[in-house]
Amino acid sequence: MNAPETIYVAGHRGMVGSAIVRQLLAAGHPASHIVTRTHAELNLTDQAAVRAFFAQVRPQQVYLAAAKVGGIHANNVFPADFIYQNLMIAANVIEAAFCNGVQKLLFLGSSCIYPRLAAQPMSEQALLTGPLEATNEPYAVAKIAGIKLCESYNRQFGASHGVDYRCVMPTNLYGPGDNYHPENSHVIPALIRRFHEARASDAPVVAIWGSGSPLREFLYVDDMAAASVHVMNLPKDRYEQHTQPMLSHINVGSGSDMTIAELATSIARVTGFDGQIRFDASKPDGTPRKLMDSSRLQSLGWQARVDLSSGLALTYQDFLQQTAQ
């Protein structure tokens, strides 16, 4: 019987990385063979430190879920941080993985890689066909670079070194382990905090950025983790049948979307807020619609399982546990 492979999960304290660890453990992978490092233990923007780590640990598989992430406000205020840190993380980890014999790597990107006005639902073929959404362009460019790094290593070293680096592009994610900061977080955790605090203080109104009309798709993070492990473990010939050498990334979505106004109503219901919801149309909406075409992944045998109402309830419980600590 073969010994279990050593798997490095970069970003294990983040929402996605922690879900991938849960998924691996649930699938029976021994905890002793799952390698993690906190940011204090390993700064992934430090090239020398990353190279030394890989030389010492020499994992067989890498899930690259580490990233600097945030919502519209954070992306607008800290564009240099978003492009620099995410570029460096991708470049350092992928290069160090290759130099230390890692043949299997999964890079996690974002749906913001697609043009602002991409045809809906957005297929993988939409990549690099138009201008990006201005509010998160630096982050998107870094994620596109990560895709092209993986593809380039595959093209140059796939045949000679057995390199098989894959990329998955999740839609908007939410769930346990999310960042509930009132300003530097994504829409679902930010609204959960806002509605919870409004209910606790008996506030009559919750004001929300934007018009409420943009359409968004959401995926529960444990579904994303299951998709990640599924894609990582696909036989190489099957993966290659559904991808192209320079268009190899795979979308991961739930397959349906809703307006921000509808989302706000759902979160108000979950948190017990029964006041008024008011939208501030003077604030930016971001991309008008972001629905992923996940037919490629579905043809590879995967689909989402957790519906939004169940996922929101689980996420609210996570928020309550985090704030109680």
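Attention here is on the structure that accompanies the text.

### Structural notes on the pairing of strand 3 (residues 61–64)
Then, in step 1: Residue alternation in strand 3 divides its side chains into two sets, Gln61 and Tyr63 and Val62 and Leu64, and both sets are buried.
Then, in step 2: In this sheet, strand 3 lies alongside strand 1 (residues 7–10) in parallel orientation, the contact comprising four bridges. Bridging across to strand 3, Ala10 finds its partner in Leu64.
Then, in step 3: Note: strand 3 against strand 4 (residues 104–108), four bridges, orientation parallel. Bridging across to strand 4, Val62 finds its partner in Leu105.

### Topic: the state of the cysteines
Then, in step 1: Inspection of every chain in the model, using the stated rule, returns zero disulfides.
Then, in step 2: In this structure Cys112 is not part of a disulfide, and its nearest cysteine sulfur, from Cys167, lies 14 Å away.
Then, in step 3: Here Cys112 falls in the buried class, since its relative accessible area comes to 5%.

### Some thoughts on the nonpolar core
Within soluble globular proteins, side chains that are nonpolar generally end up buried alongside one another.
Then, in step 1: Core analysis: the biggest nonpolar cluster contains 43 residues, and Tyr8, Leu44, Phe54, Phe107 and Tyr165 have the highest contact counts within it.
Then, in step 2: When contributions to this core are tallied by element, the ones reaching two or more residues are strand 1, helix 2 (47–57), strand 3, helix 4 (79–99), strand 4, helix 5 (137–161) and strand 5 (164–170).
Then, in step 3: The greatest single-element share of this core, amounting to eight residues, is contributed by helix 4.
Then, in step 4: In this structure Tyr8 touches Val35, Thr36, Arg37, Leu42, Leu44, Phe53, Phe54, Pro59, Gln61, Val62 and Tyr63, once residues within four positions along its chain are discounted.

### Focus on the packing of helix 1 (residues 15–26) against helix 7 (residues 221–232)
The angle between the axes and the distance between the axes are what describe a pair of packed helices.
Then, in step 1: Two elements in contact, helix 1 and helix 7, have axes separated by 8 Å at closest approach and are oriented at 60 degrees. Between helix 1 and helix 7 lies a crossing whose hand is right-handed. Every residue of helix 7 that contacts helix 1 at Met15, Val16, Ala19, Ile20, Arg22, Gln23 and Leu24 is listed here: Val221, Asp222, Met224, Ala225, Ala226, Ser228 and Val229.
Then, in step 2: In terms of residue class, the contact of helix 1 with helix 7 is made up of 10 nonpolar, two polar and two charged.

What counts as what
- Residues numbered from 1 in each chain as written.
- Predicted model: local features only at pLDDT ≥ 70, side-chain atom pairs only at ≥ 80, totals over all residues.
- Heavy atoms only, no water.
- Buried < 20%, exposed > 50% of the residue type's maximum accessible area, 1.4 Å probe, protein only.
- Helix = DSSP H or I, 4+ residues; strand = E, 2+ residues; numbered from the N terminus.
- Pairing = 2+ DSSP bridges.
- Disulfide = S-S within 2.5 Å.
- Core = buried A, V, L, I, M, F, W, Y, C linked by side-chain atoms within 4.5 Å.
- Contact = heavy atoms within 4.5 Å.
- Axes fitted to C-alpha atoms, helices over the stretch in contact; angles between N-to-C directions.
- Left-handed = near helix turned anticlockwise from the far one by under 90°.
- Nonpolar A, V, L, I, M, F, W, Y, C, P; charged D, E, K, R; others polar.

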